[in-house]
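This is what each chain is made of:
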Amino acid sequence: MNLVETIRIALSSLSANKLRSALTMLGIIIGVGAVITLLALGGAIQTLVTRELQGLGSNLVFVFPGTNDPEQNRRVPPRLTNEDVAALADPLNVPAAAAVTPQLTRGALIVYAGAGFDGRVAGVTPNYPQVRNARVVSGRFFDQTELDLRSRVAVIGADVRASLFPDEDPIGKRIRINDVSFEVIGEMAPRGGNFGPSEDNLVFVPITTAQTRLFPPPSAVSRIDVSVVYIQAVDERRIDDVIDQVTEVLRRRNGLTFQDNNFTIVTQQDLIASFGTITGALTAFLGAIAAISLLVGGIGIMNIMLVSVTERTREIGLRKAVGARRRDIRFQFVIEATMLSLLGGLLGIALGYALSALGTALLQGVAEGAEARVQLDAILLATLTSIAVGLIFGIYPAVRASRLNPIDALRYE
């Protein structure tokens, strides 16, 4: 019996019981569809996370006061002072850095014409837009002179503009931040949260103004003048050099040993890797659920093939009586199981495409340009998995069919 004839007989047998075959394939369809969809969505989310984190800036290193270890924070109080920032900005201390900008962020009540907005104030330096890839869409950002003079000027985020100035140009208007008057000189382009608090509800002011006019001075015991320092490396290859140089400078200034730190250094690559680990673990967990569906589908195929062996006992006996060998019978039933699984896999691929398209539509509602794209390797994985399930779960029924005694089979009622 040749392969083409065997496939024709297998398809004829499956089409004779269309509903039963469809129900048998259901587990394979769901499992394959789920695997393809999860791989597509996982890739889309990973791409989205990478794009959003890269939008924070180019080749950035973040320096935060304190550590994640409460015991270490008690032993070595967190500190990050203006003098530390000045030392980090010195090219002799950190030659691998292209730019350094500190940021002090606090919550504040912003008021204009009797309308209030609970936002946040970010005290920064004039090079903040360059380091953070931020853009001013109206007006301008403050300059070095205004920083030195501790000027009361402000650049507002998109949410602040929408809340306080829905129908008028904010440039030149005066707002009150914690009851201190500021002139609005610019408006930032919308940026969103970048997987953190939204940057659109920020009001940017010179950091010298924020430290002296808006917020009380820090305590002498644990002095924290800035919330974070952004350091832009000269290029991606120098990020490790920046980390080493910053660590050496801050440890020397604070008299720390290699065992203790009162600061934390994070890179964009660290954030991308962390999110990649999370999405990878989630995808693996959901993939395990999809694998269970494939297992159930395989058991269903084995069950229906055993039923088929029982129903076709006389047919098997007749074939053996006219010269069919055991391997011919085995081959026939293995091909039938494989065709059943492969058809289920193909329908599962179609289901995966449909669900991926739905996932793309949902993701684009959250982030423009997101796309859950079905990759060729996912299709090959689904196809090979379907064939493997058919082979594995079709072997036992095929062997059982091939071992039937032809005389007993012909006498079977």
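Each value, and the rule that gives it
- Counting of residues starts from 1 at the beginning of each chain's written sequence and follows it residue by residue.
- Residues qualify for local features only when their pLDDT is at least 70, as the model is predicted, and side-chain atom pairs are given and counted only at 80 or more; totals for whole chains, interfaces and linings, by contrast, use all residues.
- Just so you know, side-chain values use all the structure's heavy atoms and leave hydrogens and water out.
- Counting from the N terminus, the helices are the DSSP runs of H or I reaching at least four residues and the strands are the DSSP runs of E reaching at least two.
- Remark: exposure states derive from per-residue accessible area (1.4 Å probe, protein chains only) relative to the maximum for the residue type, with buried under 20%, exposed over 50%, and partly exposed in between.
- The contact rule is simple, with two residues in contact once any of their heavy atoms fall within 4.5 Å.
- Here, Shrake-Rupley sampling with a 1.4 Å probe gives the accessible areas, and only protein chains in the shown set may cover a residue.
- Think of a nonpolar core as a cluster: buried Ala, Val, Leu, Ile, Met, Phe, Trp, Tyr and Cys residues, connected wherever their side-chain atoms sit within 4.5 Å.
- For a helix, the expected span equals 1.5 Å multiplied by the number of residues minus one.
- A residue's bend is given by the angle between axes fitted to the 7 residues ending at it and the 7 residues starting at it.
- Each axis is a line fitted through C-alpha atoms, taken for helices only over the stretch in contact, and angles between the N-to-C directions span 0 to 180 degrees.
- Here roughly perpendicular refers to angles of 65 to 115 degrees, roughly parallel to angles under 35, roughly antiparallel to angles over 145, and oblique to all remaining angles.
- Take the far helix as the reference: if the near one is turned anticlockwise from it by less than a right angle, the crossing is left-handed, and if turned clockwise, right-handed.
- Stacked, tilted and edge-to-face are the three classes assigned to paired rings of Phe, Tyr and Trp, where Trp is represented by its six-membered ring and a pair needs centres within 6.5 Å; plane angles under 30 degrees give stacked, over 60 edge-to-face, the rest tilted.
- One side-chain nitrogen of Lys or Arg within 4 Å of one carboxyl oxygen of Asp or Glu is enough to make a salt bridge.
- At least two DSSP bridges between two strands are required for those strands to pair.
- Patch rule: a residue counts if its relative accessible area is over 30% and it has no salt bridge; like charges are joined within 9 Å, and nonpolar side chains (Val, Leu, Ile, Met, Phe, Trp, Tyr) within 5 Å.
- Under this definition, polar contacts are N or O atom pairs within 3.5 Å; protein pairs additionally need one hydrogen-donor-capable and one acceptor-capable atom, and for neighbouring residues in sequence, both atoms have to be side-chain atoms.

**Student:** For the overall build of the protein, give the residues involved together with the corresponding values.
**Tutor:** Scanning the protein for helices and strands turns up 14 helices and 10 strands. The 413 residues of the protein split such that 46% are buried. Counting only contacts in the protein whose residues sit at least 6 apart along the sequence, the fraction spanning at least 24 positions is 80%. Roughly 20400 Å² of accessible area belongs to the protein as shown, and the carbon and sulfur atoms make up 60% of that amount.

**Student:** Any details on the nonpolar core? Residues and values, ideally.
**Tutor:** In a soluble, globular protein the nonpolar side chains are often hidden away together inside. Grouped together as the largest cluster of nonpolar side chains are 45 residues, with contacts concentrated most on I175, I177, V203, V205, V229 and I231. Looking at this core, the element that brings in the most residues is strand β2 (residues 97–112), giving six residues. Once residues lying within four places of it in the same chain are set aside, the contact partners of I177 are A108, L109, I110, V121, F182, V203, V205 and L214.

**Student:** I'd love a proper account of helix α13 (residues 376–402), names of residues and values included.
**Tutor:** Look at α13: 38 Å from first C-alpha to last across 27 residues, which is about the 39 Å you get at 1.5 Å a residue. At G394, α13 shows its largest kink, close to 40 degrees, and the proline P397 lies no more than four residues downstream. When α13 is considered as a whole, its buried residues turn out to be A378, I379, A382, S386, V389, G390, F393, G394, P397, A398, A401 and S402.

**Student:** Explain the packing of helix α4 (residues 82–89) against helix α9 (residues 239–254) to me, using residue names and the numbers behind them.
**Tutor:** Between α4 and α9, the shortest axis-to-axis distance is 10 Å and the interhelical angle comes to 140 degrees. When the axes of α4 and α9 are compared, the pair comes out oblique. Relative to α9, the crossing made by α4 is right-handed. Along its contact with α4, which presents E83, D84, A87 and L88, the element α9 presents V246, V249, L250, R253 and N254.

**Student:** I'd like a rundown of the packing of aromatic side chains, residues and numbers included.
**Tutor:** Counted by the stated rule, this structure contains eight aromatic pairs. Judged by centre distance (6.4 Å) and plane angle (15 degrees), the rings of F62 and F64 are stacked. On the accessibility criterion, F64 (32% relative accessible area) is partly exposed. Relative to Y230, the ring of Y128 lies with its centre 6.4 Å away and its plane at 65 degrees, an arrangement referred to as edge-to-face.

**Student:** Summarise the pattern of salt bridges; cite the residues concerned and give the values.
**Tutor:** A pair can form between side chains of opposite charge whenever their charged atoms are brought close. Counting across every chain of the model gives 10 salt bridges. Note that R140 and E146 form a salt bridge whose closest N and O atoms lie 2.8 Å from each other. Judged by its relative accessible area of 38%, R140 falls in the partly exposed class. For E187, the salt bridge identified is with R161, shortest N-O distance 2.8 Å. Taken together, the positions of E187 in strand β7 (residues 180–188) and R161 in helix α7 (residues 158–164) put the pair 26 residues apart, joining distant regions of the chain.

**Student:** I'd like a rundown of the pairing of strand β3 (residues 115–124), residues and numbers included.
**Tutor:** Relative to β3, β2 is paired through nine bridges, and the arrangement is antiparallel. Along β3, the bridge assignment pairs I110 with F117. Counted along the chain from β2 to the antiparallel partner β3, the turn is two residues long, and its residue A113 has a positive phi close to 50 degrees. As defined by bridge partners, β3 adjoins strand β8 (residues 202–206) across five bridges and the pair is classed as parallel. Looking at the pairing, A122 lines up with F204 of β8.

**Student:** How would you summarise the side chain of S151 if you had to cite specific residues and measurements?
**Tutor:** Structurally, S151 is set in the loop between α6 (144–148) and β5 (153–156). With residues up to four places along the chain from it excluded, the contact list for S151 reads E146, F182, P206 and T209.

**Student:** Tell me about unusual backbone geometry, and please be specific about residues and values.
**Tutor:** In this model, A113 sits at a positive phi of 50 degrees, which is unusual for a non-glycine residue. On the secondary structure map, A113 appears in the loop between β2 and β3. A positive phi angle, near 55 degrees, is found at R150, a position not held by glycine. As for its position among the elements, R150 is in the loop between α6 and β5.

**Student:** Let's hear about the environment of F204: which residues, and what values?
**Tutor:** You can see F204 is positioned in strand β8. Under the relative-accessibility criterion, F204 is labelled buried at 3%. Sequence separation between F204 and A122 is 82 residues, and the spatial gap between their C-alpha atoms is 4.8 Å. Among residues more than four places away in sequence, those in contact with F204 are A122, V124, Y128, F141, F142, V153, A154, V155 and M188.

**Student:** Kindly report on a nonpolar patch on the surface, identifying the contributing residues and their values.
**Tutor:** On the surface, L19, L23, L26 and I30 cluster together into a nonpolar patch covering about 410 Å² of accessible area. For L26, a relative accessible area of 42% puts it in the partly exposed group.

**Student:** So what's going on with the environment of D200? Which residues, and what values?
**Tutor:** By secondary structure assignment, the location of D200 is in the loop between β7 and β8. Here the alpha-carbon distance between D200 and A158, two residues 42 residues apart in the chain, equals 4.9 Å. Within the structure, the side chain of D200 is placed 2.8 Å from the backbone nitrogen of R191, a separation counted as a polar contact.

**Student:** How would you summarise the pairing of β8 if you had to cite specific residues and measurements?
**Tutor:** Most of β8 sits inside the fold, with five of its five residues counted as buried. As paired elements, β5 and β8 share two bridges and run antiparallel to each other. Bridging across to β8, I156 finds its partner in V203.

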